[in-house]
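Below, each chain spelled out in residue letters.
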Amino acid sequence: MKPRTADKIATAIIVTFALLIVAILVGLLGYILIRGMSHISWDFLTSAPQKIRAGGGVGPQLFNSLFLLVLTLIITIPLGLGAGIFMAEYARPGRLTNFIRLVVEVLSSFPSIIVGLFGLLLIVNTFNLGFSLISGALALTFFNLPLMVRITEQAFRTVPKQQKEAGFALGLSKWKIVTSVLLPVALPTIITGTILSAGRVFGEAAALMFTAGMSSPRLDFSNWNPLSPSSPLNPFRPAETLAVHIWKVNSEGLAPDALQIAAGASAVLVLTVLIFNLAARFFGRFIYRKLTASKRMN
Amino acid sequence: MRVKPKKTRFEKHHIENFIGRAYMSFCVLLLIVIIVSMVYFVASKGIANFVSGEVKVSDFLFGTKWSPEADTPSYGAFPFIAGSFLVTLLAALIASPLSICAALFMTEIVPGWGKKLLQPVIELLSGIPSVVYGFVGLSVIVPFLRNTLPGQGIGVAAGALVLSVMILPTITSVAADALASLPQNLKESSFALGATRWQTISRVILPTTFPAIMTGVVLGMARAFGEALAVQMVIGNAPFVPRSLFESASTLTSVITLGMGNTTMGSPQNNALWSMALVLMLMTFVFVLLVRMLERRNKI
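Below is a short write-up of the structure. (Residues numbered from 1 in each chain as written. Chains lettered and ligands numbered in written order. Predicted model: local features only at pLDDT ≥ 70, side-chain atom pairs only at ≥ 80, totals over all residues. Heavy atoms only, no water.)

### Some remarks on the overall build of chain A
Okay, step 1: Regarding its fold elements, chain A presents 11 helices and zero strands.
Okay, step 2: Ordered by position in the sequence, the α and β elements of chain A form the string α-α-α-α-α-α-α-α-α-α-α.
Okay, step 3: Buried positions account for 53% of the 298 residues belonging to chain A.
Okay, step 4: Look at the contacts in chain A between residues 6 or more apart in sequence, and 73% of them connect residues 24 or more apart.
Okay, step 5: Of the roughly 13,800 Å² that chain A leaves accessible, carbon and sulfur atoms contribute 66%.
Okay, step 6: In chain A, the 25 positive side-chain charges and the 11 negative ones have mean positions that sit 10 Å from each other. (Helix = DSSP H or I, 4+ residues; strand = E, 2+ residues; numbered from the N terminus. Buried < 20%, exposed > 50% of the residue type's maximum accessible area, 1.4 Å probe, protein only. Contact = heavy atoms within 4.5 Å. Areas by Shrake-Rupley, 256 points an atom, 1.4 Å probe, with all protein chains shown as cover. Lys, Arg positive; Asp, Glu negative; His and termini not counted. Charge placed at Lys NZ, Arg CZ, Asp CG, Glu CD.)

Shown next, in the form of structure tokens:
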């Protein structure tokens, strides 16, 4: 074959495959949204699920997912920031740093089901917290922490060196430089990364099946006392999230409209992740503009 | 009179520095504690059956019969181990060519709008939760396979297809990074010699970036190996070694997902599930090791 013909054929194949991936995404999103949107209504989003009858909603599940996400972020952000800053600014190359890097790498590549099982063993059984929101949030912390560390480290590494040197030249202490010079510059990247990781946490199911539980008690949305068992804010109640609900409905759903519920819930899940993605982009740009004088984020 | 030098040790910025350092060390220590306890807990549960003599290691790894409820129970996990490997390898075989083509498209063919088009696509694909992949697999791929090919639709083929879409973004983004970081003059000298684009790609670019692209493939396989719910929904969960691609099978993750809630803690059957979790964990270490080796090769 002439090299020229081979070149043309190869180019055609590469372009076809690349466009095939775009088609897969468009098909996936189109399928999920078109099938699911028709089932989404205000009632579907707010009412409680039904076990055997048709017409159940996903209200508590949606609330649980969001609440769990907030709890997880409250725990992971400070811890991830601390460890990430350490890795970026303080850790000197050496055996210990290599070991920590390995720990982060292994932790982030653990399958989520292992994280869930570990949560079941340690948090649910040993610490006796039971199937609860707080167990789920802690399991998601193990899952999310390496991500946060990586995001923070990368964000700090992209800050220009001159910024730091200018700080030292002014005689600032290292901690002062980290908190008032480097952190503001790194913040937009950190926020973008955090929102994206929130999207991942939001869709996580395997780690939650064994920690947050697969049932949701009857919730009373007028009761905001965090210690009462029927209050939605009580962190010690079991909580089935939206992703777990989709899995359960698909695997063992008994309601006659189980497929529609799964379709609707999937659409809600995907829409939320899409909103997270858009918000990450918008928010990152907005904060960057607020904190620096530049118009665009590169 | 001599002026005593001011004590600098307890100045404000020293205290600040100390508190900051202590806090960060605590965070790092926590990471280490988490991973150590994770390995310890899962391993101690995972070897319980072997230590007590209930099951032999070789029977567990190579036994093909899984019947924990029989009168003489046997805990052979080979069908699940085989299922996990089979599905993972198939998914990697389907996804790798697609991903490498997408990466080439983004970096070599149309670097301008190709990246603008594919970057968000890759991000969105990796953002879609795994249960949603499982749901789509169950309601699109399974009926399609059932109607066009022999078998029930659920099975190894469906699992591999769902997984291959899930690992596409992982492989693509790593491969695209590798291709983009390739020194420009390598390509230019190849073009200067009169090579066509495909000759440059196949004889210069791909061989040079091979270890980095393999890193992406291994990362994708690691993800596929550990994925639980999406596979569980479409694979059929039969405890046999599959004889064809359209037969239903089980993976380690799917058996754990289904069994863990229905067995009592501490029973031999439950411990066998923990042994499977241990196998999963050891495989994660193997994958991490492979990635590290490939990265080292990439540097030279």
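Back to the text.
### Some words on a nonpolar patch on the surface
Okay, step 1: On the surface, Val286, Leu289, Leu290 and Met293 of chain B cluster together into a nonpolar patch covering about 360 Å² of accessible area.
Okay, step 2: Here Met293 of chain B lies in helix 12 (residues 268-299). (Patch = residues over 30% accessible without salt bridge, like charges linked within 9 Å, V, L, I, M, F, W, Y side chains within 5 Å. Salt bridge = Lys/Arg side-chain N within 4 Å of Asp/Glu carboxyl O.)

### Details of the packing of helix 11 (residues 258-291) of chain A against helix 6 (residues 130-148) of chain B
Okay, step 1: Contact geometry for helix 11 of chain A and helix 6 of chain B: axes closest at 10 Å, N-to-C directions at 140°. Regarding the angle of helix 11 of chain A to helix 6 of chain B, the classification is oblique. Classified by chirality, the crossing of helix 6 of chain B by helix 11 of chain A is left-handed. The residues of helix 6 of chain B that touch helix 11 of chain A, namely those facing Leu259, Ala262, Ala263, Ser266, Leu269 and Val270 of chain A, are Val131, Val132 and Phe135 of chain B.
Okay, step 2: Looking at the contact of helix 11 of chain A with helix 6 of chain B residue by residue, the class counts come to eight nonpolar, one polar and no charged. (Axes fitted to C-alpha atoms, helices over the stretch in contact; angles between N-to-C directions. Parallel < 35°, antiparallel > 145°, perpendicular 65-115°, else oblique. Left-handed = near helix turned anticlockwise from the far one by under 90°. Nonpolar A, V, L, I, M, F, W, Y, C, P; charged D, E, K, R; others polar.)

### Observations regarding the nonpolar core
Okay, step 1: Counting 180 residues, the largest nonpolar core has Phe110 of chain A together with Val131 and Met276 of chain B as the members making the most contacts within it.
Okay, step 2: A per-element tally of this core places helix 4 (residues 78-109) of chain B first, with 16 residues.
Okay, step 3: When residues no more than four places from it in sequence are discounted, the contact partners of Val131 of chain B are Ala205, Ala243, Ile246, Trp247 and Leu269 of chain A together with Leu229 and Met233 of chain B. (Core = buried A, V, L, I, M, F, W, Y, C linked by side-chain atoms within 4.5 Å.)

### Let's talk about the interface of chain A and chain B
Okay, step 1: The partner chain B presents 71 residues to the 78 residues of chain A that form the contact.
Okay, step 2: Interface area, chain A with chain B, both sides summed: about 6,900 Å², of which 83% is carbon and sulfur.
Okay, step 3: Between chain A and chain B we count two salt bridges in total.
Okay, step 4: Between Arg292 of chain B and Glu105 of chain A there is a salt bridge; the shortest N-O distance is 3.1 Å.
Okay, step 5: Joining chain A to chain B, the criterion identifies eight residue pairs in polar contact (both at pLDDT 80 or more).
Okay, step 6: If one sorts the elements of the side of chain A that touches chain B by residue count, helix 1 (residues 3-37) of chain A sits on top with 21 residues.
Okay, step 7: Class assignment for the residues of the side of chain A that touches chain B results in 58 nonpolar, 12 polar and eight charged. (Buried area = accessible area lost by both parts, 1.4 Å probe. Polar contact = N/O pair within 3.5 Å; in protein donor to acceptor, adjacent residues only side chain to side chain.)

### Some points on the packing of helix 10 (residues 242-252) of chain A against helix 6 of chain B
Okay, step 1: Interaxial distance between helix 10 of chain A and helix 6 of chain B falls to 9 Å at its minimum, and their mutual angle equals 25°. With respect to each other, helix 10 of chain A and helix 6 of chain B are oriented roughly parallel. Considering the relative orientation of helix 10 of chain A and helix 6 of chain B, their crossing is left-handed. Residues Ala243, Ile246, Trp247 and Asn250 of chain A of helix 10 of chain A lie in contact with helix 6 of chain B, whose contacting residues are Val131, Phe135 and Leu138 of chain B.
Okay, step 2: Among the residues forming the contact of helix 10 of chain A with helix 6 of chain B, the class breakdown is six nonpolar, one polar and no charged.

### With respect to the pattern of salt bridges
Residues and elements named next belong to chain B.
Okay, step 1: Inspection of the entire model under this criterion finds seven salt bridges over all chains.
Okay, step 2: Among the ionic pairs, Glu108 bridges to Lys187, the shortest N-O distance being 3.2 Å. With Glu108 in helix 4 and Lys187 in helix 8 (residues 184-192), this pair connects stretches of sequence that are 79 residues apart.
Okay, step 3: On the basis of relative accessible area, Glu108 is assigned to the buried category, the value being 12%.
Okay, step 4: Judged by relative accessible area, which is 12%, Lys187 ranks as buried.

### Concerning the environment of Phe287 of chain B
Residue and element names in this part refer to chain B.
Okay, step 1: If you trace the backbone, Phe287 turns up in helix 12.
Okay, step 2: Owing to a relative accessible area of 7%, Phe287 belongs among the buried residues under this scheme.
Okay, step 3: Sequence separation between Phe287 and Ile235 is 52 residues, and the spatial gap between their C-alpha atoms is 23 Å.
Okay, step 4: With sequence-adjacent residues up to four places away left out, Phe287 is seen in contact with Val218, Met221, Ala222 and Phe225.

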